[in-house]
Each structure stands twice: as structure tokens, then as C-alpha cells.
Amino acid sequence: MNIRVTTTLSFPTVVIEGRFDAHETAAFREVVDSIDTPGGFDIDLSETRFIDSAALSELVRAMKHAREHGYDVRLLRPSDPVSVILELTGLDLAFDVVDHP
Amino acid sequence: MSEHVTVGVDLVSRLATVEDELTRTTAALIDAYDQMLALYELVQGGAASLSRLEVVQQLARQACQVIGAHAVVVRDLGDAVAIAGDTSSAETLLDVIGTTGPVPSTLLRAVDTQSSDVLVKRFGPSYTGVLAVHAPPGLRLTTAQLKLVDAVANHGGQLLELAALHEAALETAIMERDVATAATLAAQVLPTRMPDIEGIDVSGRCDPARLASGDYFTFADIDDTLIVAVGDVSGKGLPAALMMTTVSTTTRSTALRLHRRSPAEVLQAISDDVYEYLDVTGMIVTTAIVKWQRGDDVIAVANAGHSPVFSVSANRASRSCDVTRVPPSSPPLGVLANLRSTVRLLPFRPGDMVVLGSDGLAEQEDASGALLGYDELERLLAHGGTTSSDDVVAQLFDAVECHGAGTAQSDDRTVVVLRRTAAGATVDEFVRRGGSDVVSA
């Protein structure tokens, strides 16, 4: 997995490329916890080719943390494999999923 | 005459001197022999099964003999300390090197020509061992003794390293035993016997990917109602298994308590019970629940983020089976504090089946990384509708194992199959009995 943060007009987006699984959750958490921009951030999943249940838990954790602080985390352009998993787990009902930002 | 007497006295005196020398030489030879024996024991003595304290004790005793010291103190940075020889001199050594923590590298040797010669030598990997030697009172350590100190220190380093490896291996073995015990305990919550109910044939199986499973299934058979739940805790291994035991137990007790309510209401009650626990641990749990009342030709399903539930009905016209998937109507437990799901009613006439599985089936990869997929599971079920539940479970596991041949099991695998065997109430009759959260039939 490759994870990086891009910033557009001071708003950060966490970009996850490759396989996002239990081995990568610590790196994801470190990056997300280091973002202290008021108003939150987006997560770009367009280049994420696999996601497992441990990684889904991390997305949920990030979403809960954001909502506790009064903002939301959007999932941007999830790839086909990720979209399928989000639908299969009903998490598309919990997240703000944006296909065409 | 007097000359003879003088010669005689000289001879006696010389004889006495020679006897003294002989005694000293004999004593020295005995000491040397003892030292050689001690050196032999030191070299032969293994540390493969000794603790660090035992190594330190053995080393102090043998070093004192080998070196011919008045006292010896050996300790490591883990604070295992042993003394040998004269107690008073050993206490002097302890004052020099202390009983805990690292020894300063400047502490090497202190020679007081009137009373003592003290040598401190650090040894072992990263200088974790300390050897302090006190020469006999009034004597200095000889060159030979200094070389013996070096030899003992080098050997002591190897012994401590072996002991550290031995202790690490012991800790690993204890941890592995604890994990195995915890996994065995966790597995106890999974049912070992299937419900024996007239009109329905039930079979279930759960295969963990590792030692312990995060998947579970459970039954609540009470009055005229059977509730079946299948769940999957996020993650794998022991943390998932520990959470699984909690959620599984809560699910069964809630289902028994609320067996008159709909599956969606049971799910909501379970969520209310476990949400905070899941929130603290950062885990989520997918769960699907089905409820069947004896004799009914319909079964109710609620799905919170779990793999699709399959409904398989015989189609006499096409001589195959129609397969319907029930996707989740809500996210998994642990995502939202206030979980709301809906109920889907499925036909459950004699010959029909309902199959609840975990994602470890469809998401098993083959050697090229391709998933088995839900379409393939559906195809398999479409051709297995007339066999027993046990056969369907076995066929599904065989198919998954065949697909994943040559690759590791990527996730826990669980299947529960319910197959209807006798006639009963229709869908319309079921809906007339009520159910505000029923959305379709």
C-alpha cells in the first residue's frame, strides 16, 4: 500500500493506493491522526484495489472520530472492488460516498 | 663432635625447608588440579536449560575455583546476582559494582598494595554481565589469573546468551500455550450439535483461518421458534476470537429473550448491548439473523453488513433452483450507535433452503489472486438444492478449498444451511401475523 496526503485549497485528502489490509492499518492510522486541519478530510479510494475487514474498521474509526469533532469523512471515487465491499457490508449506508466530487 | 652436631642441625633445617617446599608444592599441585577440574566443569557445564540466575550462580562458584580468587561476584543487568568465596570480600565487591543497573566502563581494576586487588570485568552481549574478582588478602592477581578471568568472562558471555535464548524460548512456549488455550475456550461457544427440529434440516460449520476464529454461528431454539445467527468480527486471530465470544453469547441470549420479536429488533437489541464495547476496541461485526416459526412456509431475515444470505427454491419447470440474495439493510454492528435494519421475508417451503455464510467463502483467492465470488457460490447452490444440509455444507467447503488449492486460507469460513423438509404456513399467513419492519416478501 502507498498512502499519501494531498492538499487542495487547504483541504487534505488521504490517498490510498494498492492493497489496504490488516498489515497497513497502523500506517493509515498514523497518517489520519496526524491531520489536524479543522473541518476534517477526504479519503480517496480510487486506486485502492483491495480492502479487508480490518481496514474497513479503520475507516469506521476515522469516520466516528470525525463525527465526534463535528465534521465528516467522505470516501471519494471508491474503485470497483472497494465499492463492492462497501455495498456488501452495508457501509455505503453509513459513509458519505462521493463518486464524482 | 661439635662439627657433626652443626652439620646435623643444618641437615635437619634443610630437610624441614625441603619438606615445607614439598608441602607447598603439593598444595599448589592440588590447587592446580582443583582449578583444572573447575575449568573442566565450567567448560562442560551447559546453559541450555538454565535460567539467568542459575547461570550467574554456576559461573560465580566455578570462577572462584578456576581463578583461585578470594571472592567473586557475578551479576547481569537483569539483576541476577551471585557471590562465591569470602562473604566479607564479596560485599566489598558488591559495594564497587552495585547490585542493579549498568556498571561504569571506567571501573576496571583497583589495587591496594597493602590489602587488596580487585578486578571488574564486563562481559557478554552488550556487556550485560559483570564479573568482579577479589584476590587473596595481600596478594595481587597474577598474569595467569588475569588470563583465567578473561577466559571465564568470555565463557560467561556465551552462557548468558544461551540462557537468554532459553528464557525467550520458554516465554514464547508459554505464550503459545496461552493462545492455544484461549482459542480452545473461544471455540467452545460454537455449537457442536445442530437443532433437532421436525420439518427442518440444519447444518453448520466454521473453519478458522488461524488458531482461533472471528466467525461464529449460534442457534436459539425456544418454544416454536428457531433463530439462527451468523457473524464475522473484523480482523483475525485471538483479538477477533475474544470479541466473537462476547458477541456470540450476547446474540444467543438476546435471541432467546426476544424470540417473539422480529430479527431486526433482535439485531437492534444486540447492537445496543455491544456497541460501546465495539467502539472502544475499534472493531465491527457483520451479522445476519434468520427466524423461523415451526411449520411456516416463510422465513424472516435481517442482515447487518453481512455477506448476502442466499434463498434457494426448487423450480420444477426448469428442473433447477432459483437463488435469491438478501443483501444487508444496515451497516455492521459497531458502526452506528442506533442500528436500524429491516426484515426480508423469503419463501421457505419443503425443499427450499436458506444459506448463511461468511465472506471467507466468496473471498478465497486462487493461485492467481482471483476470488471465488458470490456468483460461483450462487451457481453451486442452484445445483445443490435437493441434497441434505450436511451435503450442501460439505459441497461449499469442498468448492472453496478446491478454488484455493495451493494458497493459504485467507479468512475464517462459516456456513449454516437450513433446509425445509415438511409443509406449513404460507407467506400471506405470516404477513397477516404482523411485522412492522417487514419490507418485502
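Everything quoted here is computed from the prediction, not taken from an experiment. (Residues numbered from 1 in each chain as written. Chains lettered and ligands numbered in written order. Predicted model: local features only at pLDDT ≥ 70, side-chain atom pairs only at ≥ 80, totals over all residues. Heavy atoms only, no water.)

Draft legend 1. Up close: empty space enclosed by the protein. All names here are of chain B. As enumerated under the stated definition, the model contains 1 cavity of 30 Å³ or more in all. When its volume is computed, the largest cavity comes out at roughly 90 Å³. Sorting the residues of the lining of the largest cavity by element identifies β14 (353-357), α7 (359-362) and α8 (374-382) as the ones contributing at least two each. A class-by-class count of the residues in the lining of the largest cavity yields 10 nonpolar, 3 polar and no charged. (1 Å grid on protein atoms, 1.4 Å probe; cavity = no way out; pocket = protein on both sides within 12 Å on 5 of 7 lines; lining within 4 Å. Points joined across faces, edges and corners; volume = space filled by probe spheres on them. Helix = DSSP H or I, 4+ residues; strand = E, 2+ residues; numbered from the N terminus. Nonpolar A, V, L, I, M, F, W, Y, C, P; charged D, E, K, R; others polar.)

Draft legend 2. How the structure looks around helix α6 (residues 263-281) of chain B. A rise of 1.5 Å per residue sets the reference length of α6 of chain B, with its 19 residues, at 27 Å; its end C-alpha atoms lie 26 Å apart and thus fit the reference within 8%. At Val-274 of chain B, α6 of chain B shows its strongest bend, of approximately 50 degrees. Buried residues of α6 of chain B: Pro-263, Ala-264, Val-266, Leu-267, Ala-269, Ile-270, Ser-271, Val-274, Tyr-275 and Leu-278 of chain B, and no others. Contact partners of the buried residues in α6 of chain B: α2 (53-68) of chain A together with α5 (237-257), β9 (285-293), β10 (298-304) and β13 (343-347) of chain B. Note on α6 of chain B: the residue one or two positions beyond its end, Gly-282 of chain B, has a positive phi of about 70 degrees. (Expected span 1.5 Å × (residues − 1). Bend = angle between axes of the 7 residues up to and from the residue. Buried < 20%, exposed > 50% of the residue type's maximum accessible area, 1.4 Å probe, protein only. Contact = heavy atoms within 4.5 Å.)

Draft legend 3. Structural view of the sheet that holds strand β6 (residues 200-207) of chain B. Residues and elements named next belong to chain B. Strands sit in the order β6-β15-β14-β11-β12 across an open sheet of 5 strands; the sheet is antiparallel. Edge strands, defined here as strands with exactly one partner in the open sheet, are β6 and β12 (320-326). Averaged over neighbouring strand pairs, the angle between their axes works out to 15 degrees when direction is ignored. Bridging between β6 and strand β15 (residues 413-420) involves 8 bridges; their strand directions are antiparallel. The residue bridging Ile-200 from the neighbouring strand is Arg-420, located in β15. Relative to the sheet, α8 contacts β11 (309-315), β12 and β14, its axis offset from that of β12 by approximately 140 degrees. The strands touched by helix α9 (residues 389-403) are β6, β14 and β15; relative to β15, the strand with the most contacts, the crossing angle is about 150 degrees. (Pairing = 2+ DSSP bridges. Axes fitted to C-alpha atoms, helices over the stretch in contact; angles between N-to-C directions.)

Draft legend 4. Here's a closer look at the packing of aromatic side chains. Following the criterion strictly, the structure yields 3 aromatic pairs over all chains and no others. Taken together, a centroid distance of 6.0 Å and an interplanar angle of 80 degrees make the contact between Trp-292 of chain B and Phe-348 of chain B edge-to-face. With Trp-292 of chain B in strand β9 and Phe-348 of chain B in the loop between β13 and β14, this residue pair connects regions lying 56 residues apart in the sequence. Grouping residues by exposure puts Trp-292 of chain B and Phe-348 of chain B together as buried. In this structure, Arg-19 of chain A packs its charged tip against the face of Phe-50 of chain A, placed 4.0 Å from the ring centre. (Phe/Tyr/Trp six-rings, centres within 6.5 Å; stacked < 30°, edge-to-face > 60°. Lys NZ or Arg CZ within 6 Å of the ring centre and 35° of its normal.)

Draft legend 5. Examining the interface of chain A and chain B more closely. Contacts between the two partners involve 18 residues from chain A and, on the opposite side, 22 residues from chain B. Together, the buried faces of chain A and chain B total about 1400 Å²; carbon and sulfur atoms form 60% of this surface. On the chain A side of the contact with chain B, Ser-57, Lys-64 and Leu-88 of chain A bury the most area, a combined 36% of that side's loss. The interface formed by chain A and chain B includes 2 salt bridges. Residue Glu-365 of chain B is joined to Arg-19 of chain A by a salt bridge in which the shortest nitrogen-to-oxygen separation is 3.8 Å. Taken together, the links from chain A to chain B amount to 4 residue pairs in polar contact (both at pLDDT 80 or more). Broken down by secondary-structure element, the contributors of at least two residues to the side of chain A that touches chain B are α2 and α3 (80-88) of chain A. Take the side of chain A that touches chain B: its biggest share by element is 8 residues, from α2 of chain A. (Buried area = accessible area lost by both parts, 1.4 Å probe. Salt bridge = Lys/Arg side-chain N within 4 Å of Asp/Glu carboxyl O. Polar contact = N/O pair within 3.5 Å; in protein donor to acceptor, adjacent residues only side chain to side chain.)

Draft legend 6. Structural detail: the packing of helix α2 (residues 52-67) of chain B against helix α4 (residues 143-187) of chain B. Residue and element names in this part refer to chain B. At a minimum axis separation of 10 Å, α2 and α4 run at an interaxial angle of 165 degrees. It follows that α2 is roughly antiparallel to α4 by the angle criterion. Between α2 and α4 lies a crossing of right-handed hand. Across the interface between the two elements, Arg-52, Val-55, Val-56, Gln-58, Leu-59, Ala-63, Val-66 and Ile-67 from α2 touch Gln-145, Leu-148, Val-149, Val-152, Gly-156, Leu-159, Leu-160, Ala-163 and Glu-167 from α4. Of the residues that constitute the contact of α2 with α4, the class distribution is 12 nonpolar, 3 polar and 2 charged. (Parallel < 35°, antiparallel > 145°, perpendicular 65-115°, else oblique. Left-handed = near helix turned anticlockwise from the far one by under 90°.)

Draft legend 7. View of the environment of Thr-6 of chain A. Residue and element names in this part refer to chain A. Topologically, Thr-6 is positioned in strand β1 (residues 2-8). In this structure, the C-alpha to C-alpha distance between Thr-6 and Ile-43, residues 37 residues apart in sequence, is 10 Å. Residues contacting Thr-6, with those up to four places away along its chain left out, are Phe-11, Pro-12, Thr-13 and Val-15.

Draft legend 8. Layout of the confidence of the model for chain B. Across chain B, the average pLDDT comes to 86, with 91% of residues at or above 70. The complex model carries a pTM of 0.72, and its ipTM stands at 0.86. (pLDDT = per-residue confidence, 0-100.)

Draft legend 9. Focus on the pattern of salt bridges. All names here are of chain B. On inspection of all chains with the given rule, the structure shows 23 salt bridges over all chains. The closest approach of N and O atoms between Asp-76 and Arg-52, which form a salt bridge, is 2.5 Å. In this pair, Asp-76 is assigned in strand β1 (residues 71-76) and Arg-52 in helix α2, connecting sequence segments 24 residues apart. For the salt bridge of Asp-297 with Arg-420, the shortest nitrogen-to-oxygen distance reads 2.6 Å. Of this pair, Asp-297 sits in the loop between β9 and β10 while Arg-420 is found in strand β15, placing the two residues 123 residues apart along the sequence. With relative accessibility at 10%, the residue Asp-297 sits in the buried group.

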